[in-house]
Amino acid sequence: MGVLNVGIVGTGIFAKESHLPAYQALPGSFEVVAAFNRTKSKAEAFAEDAGIAKDKVFDSLDEILADDSVSMIDALLPAQFNAQTVEKCIAARKPVILEKPIAATIAEAKKLVHLAESTSLPIAIAENWLFLKSGEALKEHLADIGPLVAFTYNSTGPFIKNNKYLATTWRQKPEHIGGFLSDGGVHQLALLTDVLGEVESLSAFTKQVRKESGTDDVAFSTVKLKEQGLIGTFTYGSAFGSCEKSVYFKIYGLNGAVTLDLSEKKKPIITKTVGDSAEANAETQTFLVDEHPSFGIQEEFLNFHEAVVKKEKRIAKGSPRVAFHHLAIVAALLESSAKNGANVTIEQP
Ligand SMILES: NC(=O)c1ccc[n+]([C@@H]2O[C@H](COP(=O)([O-])OP(=O)(O)OC[C@H]3O[C@@H](n4cnc5c(N)ncnc54)[C@H](OP(=O)(O)O)[C@@H]3O)[C@@H](O)[C@H]2O)c1
């Protein structure tokens, strides 16, 4: 369907370790042809790895946007730069995919949604958990256990002192609301809401456990969804002492239960028990999910590719409006906790 020439803006850890290999694995769809980074030496090293010509390492966002050989931008910056990057991409008529979370604040996220909805250009937030095979596999089992009643979403783990992401200065002094709660939390919320639908309201307590996190880093909440009157809990945090990493999404129905266990990202497991009561004596079935090693990133890129090539922005699944909802849930977690657990309705863009 045509190769898109990608200009990378922000050549940090994730650009190098995840986005570049994902593009290189899709040579019929993408070629990484240009780069810009605040610290130019890092862009030059990235260009060597990526096979980018020396004269395509630019000194500013304006310059990379002015280059006619660049057909789309992939921006991997701290979230507070996303809205201004979108504004410039629209002015330069370049489609853009930006890393999550959508923005640093709800006000900026609203601005970004409205900018994106004012143009025909495809603009997407790189929410790779929207593209997990695990999510699709989980959905396929829900009809067997319905009508659905409730869920438990848990993503907890130990604090990792030598976490390479923790060492980045913008994460240590986060301008994005919720710090790690929005940095990693939006992934979990993308999966949760993609499978069960949008959150209507919640009550939560959040807390800062580690000074290194710069702000609150754990959240415990009860949640009401918009559809089917579903209720559940959402628990998130990797700031605890030694404990096993535990990521599971359990959905309860009147006719059974299904659990996706993502504790080992490379080996997701789905278990399902079908029956209307204990007396059904149902056996628990186990299904292994053949999750893609890029953990949704290649699928996400191919989805954006299709939107750009077909000039149809609605094809892009990670729309700013969808990504707004995930950040808005984090904002509600924080607001509820600040109000001593009061129920908070999720903001709309
Ligand atoms: N989807 C996922 O699973 C996932 C995982 C990790 C990260 N991410 C996202 O990827 C993006 C990059 O994260 P990372 O982990 O790769 O961090 P990183 O290595 O610190 O990269 C951040 C990039 O932004 C640039 N930057 C930082 N502050 C800046 C400023 N004030 N002005 C201009 N540029 C600035 C940095 O430039 P310098 O080189 O000059 O510092 C660097 O290129 C973030 O949006 C993050 O949320 C996503």
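Residues numbered from 1 in each chain as written. Predicted model: local features only at pLDDT ≥ 70, side-chain atom pairs only at ≥ 80, totals over all residues. Heavy atoms only, no water.

By the naming in an unreviewed UniProt entry, the protein goes by LALA0S01e00804g1_1 and is assigned to Lachancea lanzarotensis.

## Some words on the domain arrangement of the protein
Defined as follows: Where each domain begins and ends follows an automated or database-derived domain assignment. What makes two residues a contact is simply this: any of their non-hydrogen atoms within 4.5 Å. Simply put, the buried area is the total loss of 1.4 Å probe accessible area from both parts when two parts are fitted together. For salt bridges, the criterion is a side-chain nitrogen of Lys or Arg within 4 Å of an Asp or Glu carboxyl oxygen. The numbering of helices and of strands both runs from the N terminus, where a helix is a DSSP run of H or I of at least 4 residues and a strand a run of E of at least 2.
We note that the domain assignment places domain 1 (4-127) and domain 2 (130-294 + 328-345) within the protein. Put simply, the middle of domain 1 and the middle of domain 2, counted by C-alpha atoms, are 28 Å apart. With 12 residues of domain 1 in contact, the opposing surface of domain 2 contributes 16 residues. The contact between domain 1 and domain 2 buries some 1,300 Å² in all, and 64% of this surface belongs to carbon and sulfur atoms. Looking at the side of domain 1 facing domain 2, the largest losses of area belong to Ile13, Lys100 and Glu127, adding up to 40% of the total buried there. Of the charged contacts in the structure, one is a salt bridge between aspartate 183 and lysine 100, with a shortest N-O distance of 2.8 Å. The element best represented in the side of domain 1 that touches domain 2 is helix H1 (residues 13-24), accounting for 3 residues.

## Here we look at the pattern of salt bridges
Going by this rule: Working definition: with a 1.4 Å probe on protein chains only, accessible area under 20% of the residue-type maximum means buried, over 50% means exposed, and in between means partly exposed.
In total, this model carries 20 salt bridges according to the counting rule given. When the shortest N-O distance is used, the salt bridge between glutamate 312 and arginine 314 registers 3.1 Å. Using a relative accessible area of 25% as the deciding quantity, one classes glutamate 312 as partly exposed. Among the charged side chains, a salt-bridge network with shared partners connects Glu136, Lys139, Asp194 and Lys317.

## Structural notes on empty space enclosed by the protein
We apply this condition: Here a cavity means grid points, on a 1 Å grid over the protein atoms only, where a 1.4 Å probe fits yet cannot get out; a pocket means an open set of points with protein on both sides within 12 Å along at least five of seven lines; lining residues are those with an atom within 4 Å of a point. Grid points are joined across faces, edges and corners, and a volume is the space filled by probe spheres set on the points. All amino acids are sorted into three groups, where Ala, Val, Leu, Ile, Met, Phe, Trp, Tyr, Cys and Pro are nonpolar, Asp, Glu, Lys and Arg are charged, and the leftover types, Gly among them, are polar.
The full count for this structure, using the stated rule, is 2 cavities of 30 Å³ or more. Taken together, Ile97, Ala124, Ile125, Phe131, Glu300, Asn303, Phe304, Ala316, Lys317 and Gly318 form the lining of the largest cavity. Elements represented by at least two residues in the lining of the largest cavity include exactly strand S6 (123-126) and helix H10 (297-309). If one sorts the elements of the lining of the largest cavity by residue count, H10 sits on top with 3 residues. Looking at the second largest cavity, its volume works out to about 30 Å³. Together, Leu189, Leu192, Val199, Leu202, Val223, Phe234 and Ile329 line the second largest cavity. Going through the elements one at a time, helix H9 (185-196) and strand S8 (199-207) are the ones with two or more residues in the lining of the second largest cavity. Residues of the lining of the second largest cavity, tallied by class, amount to 7 nonpolar, no polar and no charged.

## Some details on the UniProt feature "domain: Gfo/Idh/MocA-like oxidoreductase N-terminal" (unreviewed entry) in the protein
The line we're drawing: UniProt positions are given in the numbering used here, feature names are shortened, and annotations may be inferred rather than shown by experiment.
Under the UniProt annotation, the feature "domain: Gfo/Idh/MocA-like oxidoreductase N-terminal" (unreviewed entry) is placed at residues 4-121. Within residues 4-121, the helical portion is 42% and the strand portion 19%, while the C-alpha atoms at the span's ends are 14 Å from each other.

## Here's the deal with unusual backbone geometry
Geometrically, the link from lysine 100 to proline 101 is a cis peptide bond, its omega value of -10° lying close to zero. Among the secondary structure elements, proline 101 is positioned in the loop between strand S5 (96-99) and helix H5 (106-116). Cis rather than trans, the peptide bond between glycine 146 and proline 147 has omega equal to 0°. As for its position among the elements, proline 147 is in the loop between helix H6 (133-145) and strand S7 (148-158). The residue arginine 93 is not glycine, and still its phi comes out positive at about 60°. Position of arginine 93 among the secondary structure elements: in the loop between helix H4 (82-91) and S5. Despite not being glycine, glutamine 228 has its phi angle at roughly 60°, a positive value.

## A word on the site of the ligand
Worth spelling out the cut-off: The near set for a molecule or strand comprises every residue that places at least one heavy atom within 4 Å of it. We define a polar contact as two N or O atoms separated by no more than 3.5 Å, with the added condition that, inside protein, one atom must be a possible hydrogen donor and the other a possible acceptor, whereas residues neighbouring each other in sequence contribute only through side-chain atom pairs.
Around the ligand lies a shell of 22 residues, among which Asn37, Thr39, Lys42, Leu77 and Lys100 are the nearest. One of the side-chain nitrogen or oxygen atoms of histidine 187 is found 3.2 Å away from an oxygen atom of the ligand. Contributions of two or more residues to the shell around the ligand are made by H1 and helix H7 (169-172). A breakdown of the residues in the shell around the ligand according to their chemical character gives 8 nonpolar, 8 polar and 6 charged. Here the shell around the ligand spans two domains, since at least three of its residues come from each of domain 1 (4-127) and domain 2 (130-294 + 328-345).

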